[in-house]
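So the chains spell out like this:
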Amino acid sequence: MSYDATFRVWRGDAAGGDLQTFTVEVNEGEVVLDVIHRLQATQVGDLAVRWNCKAGKCGSCSAEINGRPRLMCMTRMSTFGEDETVTVTPMRTFPVVRDLVTDVSYNYEKAAQIPAFTPRPREADGSHRMQQVDVERSQEFRKCIECFLCQDTCHVIRDHEENKAVFAGPRFLIRLAELDMHPLDVVDRKHEAQDEFGLGYCNITKCCSEVCPEGIHLTDNGIIPLKERVVDRRYDPLTWLGSKIRRRRPD
Amino acid sequence: MTATAPRRTGAVTPGRGTTETPPRRAAIAARTLRTDRWWLQPLVTVVVLVLFIAYSTVRAFQNAHYFSEPYISPFYSPCITTDCEGDTFPELFTGPSWISPAIYILVIPLGFRLTCYYYRKAYYRSFWQSPPACAVAEPHRRYTGETRLPLLGQNLHRYFFYAGLVFNVILTYDAVLAFRDETGAWGHMGLGTLVLLANAALLWLYSVSCHSCRHIVGGRLNSFSRHPLRYRFWTVVSRLNAHHMKFAWVSLFGVAFADFYVLLLATDTISDLRFF
Ligand code: SF4
Ligand code: SF4
Ligand code: FES
Ligand code: FES
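Everything numeric here is computed off the predicted structure, so don't read it as measured data.

Comments concerning the UniProt feature "transmembrane region" (unreviewed entry) in chain B
Residues and elements named next belong to chain B.
Okay, step 1: The UniProt feature table records "transmembrane region" (unreviewed entry) at residues 38–58, 98–119, 159–179, 185–206 and 247–266.
Okay, step 2: Split by type, residues 38–58 is 90% helix and 0% strand. Its first and last C-alpha atoms lie 32 Å apart.
Okay, step 3: Overall, residues 247–266 shows 100% helix and 0% strand. The separation of its end C-alpha atoms is 28 Å.

Right, dumping it as structure tokens:
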């Protein structure tokens with residue numbers, strides 16, 4: 001079963017561009033990326049689109065479909081009515097290179113600023129030991145495919161370009177949480193999370209969690225626990241006093 | 001995988017996070033291209049919260065009809081002044097009679113809910129429109145989030161959580177007192193007893209599923225295996241925490257309903273259904 005769908009695709013570059021309308025064939029079982037490819041093959045040979053795995057695993061094909069940040073390869077055409085116009089635009093938060101391709105280097109800059117994983121010394125027999133229950137929380141965040149849809153959606157930088165200087169974005173806040181919860185890591189990144197990576201800018205409105213194609217609970221399991229850990233360090237006189245008096249092991 | 005290259009120092013300027021001038025975003029004028037009814041959820045939130053605030057404000061200032069032996073409205077408990085109707089709680093002082101006893105205590109549940117991570121999401125999105133819905137532009141020119149006062153104060157949430165627990169104990173005590181009849185003899189149970197019990201139970205669920213609670217019982221540990229008991233607590237709280245939004249709403253309705261039920265009894269609009 002196939003039908004002709006109306007697609008509106010943003011075309012242009014940093015100098016300007018607009019939404020252009022196309023009629024393109026859709027077959028049963030296809031995803032938005034298939035249709036974009038057909039458009040490229042049959043009507044606009046120079047349409048720029050970034051993709052790689054077509055399996056929701058490489059994080060390359062991020063775009064906005066009917067205004068919602070999504071992976072083009074994981075958005076089934078069956079979610080739209082046959083007479084519904086499907087609008088595909090590049091991610092808004094990042095500078096556009098051309099058509100649907102954006103320059104996501106902001107994310108790599110931020111990634112490089114995060115203090116690296118620093119494990120405690122090895123045990124006497126030369127190994128690192130940890131229990132599964134201890135790393136489980138950190139492992140949830142390792143599912144991240146770095147599609148940067150969460151970064152694209154986060155209103156802190158989406159609506160306020162100037163905040164890019166002071167805010168690392170949800171993907172890197174959960175990276176900080178991942179390291180802070182790690183049983184082997186010995187670096188304390190709590191002050192930096194607040195001062196340099198802008199944890200306080202997040203107002204926990206959960207859009208990052210809403211768009212994550214990997215279903216990572218960024219806000220509930222990463223950002224809020226990290227905020228609570230920062231409170232321990234900076235805003236809670238009792239825990240601060242407790243750590244001074246009892247000199248408890250930082251675990 | 002995230003790169004772990006050596007850290008650079010110093011602040012970065014807008015754009016890609018480097019010192020270049022910001023490159024341009026795609027020129028799209030529309031505030032959002034979403035085609036669904038994204039405005040519905042914030043609208044419903046505003047309507048429901050405004051209704052609750054209006055009702056509770058009227059009731060808190062009313063200073064009447066909040067006690068009907070043996071039930072006390074949760075808005076007025078603990079009732080700590082000598083002006084109080086009934087004596088469910090030690091009278092700690094005599095305030096000016098025009099100040100409703102609810103005023104002294106409401107700051108705790110109010111502060112608890114205002115700083116709650118879930119309610120923050122709800123009112124930032126609906127009242128402050130920051131953002132109204134995902135991928136819908138917010139109307140503000142500048143945004144600093146919770147980095148400065150007064151919103152920096154949201155970090156006090158755990159203290160409101162502790163204080164909220166004290167209130168839960170008192171409201172549970174009220175529900176237990178509701179097993180006495182009008183004469184003070186034990187062994188009574190009416191619909192009001194159930195209402196107060198349900199209210200207390202919902203408040204406990206709301207408090208225990210709190211994010212700060214999750215952090216305090218175990219979330220702050222990095223090594224669960226060395227604290228098996230706290231890991232168990234954390235697991236239970238985490239499971240409840242997934243439903244925190246639901247508990248937030250249901251317990252809010254619960255409080256309002258419990259108060260409304262007492263209002264109906266106190267004004268003799270209805271009489272309590274007695275089971276025994
Ligand atoms: S929850 Fe925080 S990090 Fe996530 S999208 Fe909202 S403001 Fe951004
Ligand atoms: S956290 Fe989710 S949305 Fe964000 S980059 Fe990773 S996979 Fe994408
Ligand atoms: S092409 Fe790899 S995630 Fe879509
Ligand atoms: S009560 Fe909602 S997070 Fe604490």
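Concerning the interface of chain A and chain B
A common way to state how big an interface is: give the accessible area lost once the parts meet.
Okay, step 1: Contact with chain A, which involves 84 residues of that partner, is made by 69 residues of chain B.
Okay, step 2: Interface area for chain A against chain B, summed over the two sides, is near 6,600 Å², with a carbon-plus-sulfur share of 49%.
Okay, step 3: Across the salt bridge formed by Arg158(B) and Glu228(A), the nearest N and O atoms sit 2.8 Å from each other.
Okay, step 4: At the junction of chain A with chain B, the criterion picks out 37 residue pairs in polar contact (both at pLDDT 80 or more).
Okay, step 5: Broken down by element, the side of chain A that touches chain B gets its largest block of residues, 9 residues, from helix 9 (residues 218–234) of chain A.
Okay, step 6: Along the lines of polarity and charge, the residues of the side of chain A that touches chain B split into 32 nonpolar, 20 polar and 32 charged.

Details of the site of ligand 1
Residue and element names in this part refer to chain A.
Okay, step 1: Neighbouring ligand 1 are 13 residues; Cys154, Cys202, Thr205, Lys206 and Cys208 lie closest to it.
Okay, step 2: Counting only elements with at least two residues in the shell around ligand 1, the list comes to helix 5 (155–158), helix 8 (207–211) and helix 9.
Okay, step 3: By residue class, the composition of the shell around ligand 1 is 8 nonpolar, 4 polar and 1 charged.

Points about the nonpolar core
Okay, step 1: Counting residues in hydrophobic clusters, the biggest one holds 69 residues, and the most contacted among them are Phe7(A), Val32(A), Ile36(A), Met72(A), Met77(A) and Val88(A).
Okay, step 2: Considering each element in turn, this core owes the most residues, 7 residues, to helix 6 (residues 170–181) of chain A.
Okay, step 3: Setting aside residues no more than four positions away along its own chain, Met72(A) makes contact with Val31(A), Val32(A), Leu33(A), Ile36(A), Val49(A), Cys61(A), Ala63(A), Ile65(A), Val88(A) and Leu100(A).
Okay, step 4: Counting residues in each nonpolar core, the second largest holds 32 residues, with Ile72(B), Tyr119(B), Ile216(B) and Leu252(B) among its members.

Thoughts on the environment of Trp186(B)
All names here are of chain B.
Okay, step 1: On the secondary structure map, tryptophan 186 appears in the loop between helix 4 (157–177) and helix 5 (191–208).
Okay, step 2: For tryptophan 186, a relative accessible area of 55% puts it in the exposed group.
Okay, step 3: For the pair formed by tryptophan 186 and glutamate 146, sequence separation is 40 residues and the distance between their alpha carbons is 50 Å.
Okay, step 4: Tryptophan 186 has contacts with Val176, Leu177, Phe179 and Arg180, leaving out every residue within four places of it along the chain.

Some remarks on the pairing of strand 1 (residues 2–13) of chain A
Residues and elements named next belong to chain A.
Okay, step 1: Bridge count for strand 1 against strand 2 (residues 16–27) is 12 bridges, and the pairing is antiparallel. In the strand pairing of strand 2, arginine 8 is matched with threonine 21.
Okay, step 2: Examined bridge by bridge, strand 1 and strand 5 (residues 86–89) share 3 bridges and lie parallel to one another. What sits directly across from arginine 8, in strand 5, is threonine 87.

Notes on the packing of helix 6 of chain A against helix 9 of chain A
Residue and element names in this part refer to chain A.
Okay, step 1: Contact pair helix 6 / helix 9: the axes reach a minimum separation of 9 Å and the direction vectors enclose 65°. Every pair of crossing elements has a handedness; the one defined by helix 6 and helix 9 is left-handed. Packed against helix 6, whose contacting residues are Pro170, Arg171, Leu173, Ile174, Leu176, Ala177, Asp180 and Met181, the element helix 9 presents Leu218, Asn221, Gly222, Ile223, Pro225, Leu226 and Arg229 at the interface.
Okay, step 2: Among the residues forming the contact of helix 6 with helix 9, the class breakdown is 10 nonpolar, 2 polar and 3 charged.

Focus: the state of the cysteines
Okay, step 1: Following the criterion strictly, the structure yields 2 disulfides over all chains and no others.
Okay, step 2: The disulfide that involves Cys207(A) links it to Cys134(B), with 2.2 Å between the sulfurs. Torsion about the S-S bond of the Cys207(A) and Cys134(B) cystine: about -90°, corresponding to left-handed handedness. Highlighted residues: Cys207(A) in helix 8 and Cys134(B) in the loop between helix 3 (117–126) and helix 4, drawn from two different chains. Taken individually, Cys207(A) and Cys134(B) each receive the classification buried, so the pair is uniform in this respect.

Some remarks on the pattern of salt bridges
Okay, step 1: Inspection of the entire model under this criterion finds 34 salt bridges over all chains.
Okay, step 2: Of the charged contacts in the structure, one is a salt bridge between Glu30(A) and Arg38(A), with a shortest N-O distance of 2.6 Å.
Okay, step 3: Note that Arg274(B) and Glu182(B) form a salt bridge whose closest N and O atoms lie 3.4 Å from each other. In this pair, Arg274(B) is assigned in the segment after helix 8 (244–266) and Glu182(B) in the loop between helix 4 and helix 5, connecting sequence segments 92 residues apart.
Okay, step 4: Given a relative accessible area of 45%, Glu182(B) falls into the partly exposed group.

Quick notes on the packing of aromatic side chains
Residue and element names in this part refer to chain B.
Okay, step 1: One pass over the structure, following the stated rule, counts 23 aromatic pairs over all chains.
Okay, step 2: Between the aromatic rings of phenylalanine 224 and tryptophan 234, the centroid separation amounts to 4.8 Å while the plane-to-plane angle is 40°, which identifies the pairing as tilted. Placement of the pair is phenylalanine 224 in the loop between helix 6 (211–219) and helix 7 (228–241) and tryptophan 234 in helix 7, with a sequence separation of 10 residues. As far as the burial class goes, phenylalanine 224 and tryptophan 234 line up, both buried.
Okay, step 3: Site record: aromatic cluster; members linked through ring pairs are Phe112, Tyr118, Tyr119, Tyr159, Phe161, Tyr162, Tyr206, Trp249 and Phe253.
Okay, step 4: It is arginine 113 that lies over the ring of tyrosine 206; its NZ or CZ is 4.3 Å from the centre.
Okay, step 5: The positively charged end of arginine 180 is found above the aromatic ring belonging to tryptophan 186, 6.0 Å away from the centroid.

About the cut-offs
Residues numbered from 1 in each chain as written. Chains lettered and ligands numbered in written order. Predicted model: local features only at pLDDT ≥ 70, side-chain atom pairs only at ≥ 80, totals over all residues. Heavy atoms only, no water. UniProt positions renumbered as here; feature names shortened; annotations may be inferred. Helix = DSSP H or I, 4+ residues; strand = E, 2+ residues; numbered from the N terminus. Contact = heavy atoms within 4.5 Å. Buried area = accessible area lost by both parts, 1.4 Å probe. Salt bridge = Lys/Arg side-chain N within 4 Å of Asp/Glu carboxyl O. Polar contact = N/O pair within 3.5 Å; in protein donor to acceptor, adjacent residues only side chain to side chain. Nonpolar A, V, L, I, M, F, W, Y, C, P; charged D, E, K, R; others polar. Near = heavy atom within 4 Å. Core = buried A, V, L, I, M, F, W, Y, C linked by side-chain atoms within 4.5 Å. Buried < 20%, exposed > 50% of the residue type's maximum accessible area, 1.4 Å probe, protein only. Pairing = 2+ DSSP bridges. Axes fitted to C-alpha atoms, helices over the stretch in contact; angles between N-to-C directions. Left-handed = near helix turned anticlockwise from the far one by under 90°. Disulfide = S-S within 2.5 Å. Phe/Tyr/Trp six-rings, centres within 6.5 Å; stacked < 30°, edge-to-face > 60°. Lys NZ or Arg CZ within 6 Å of the ring centre and 35° of its normal.

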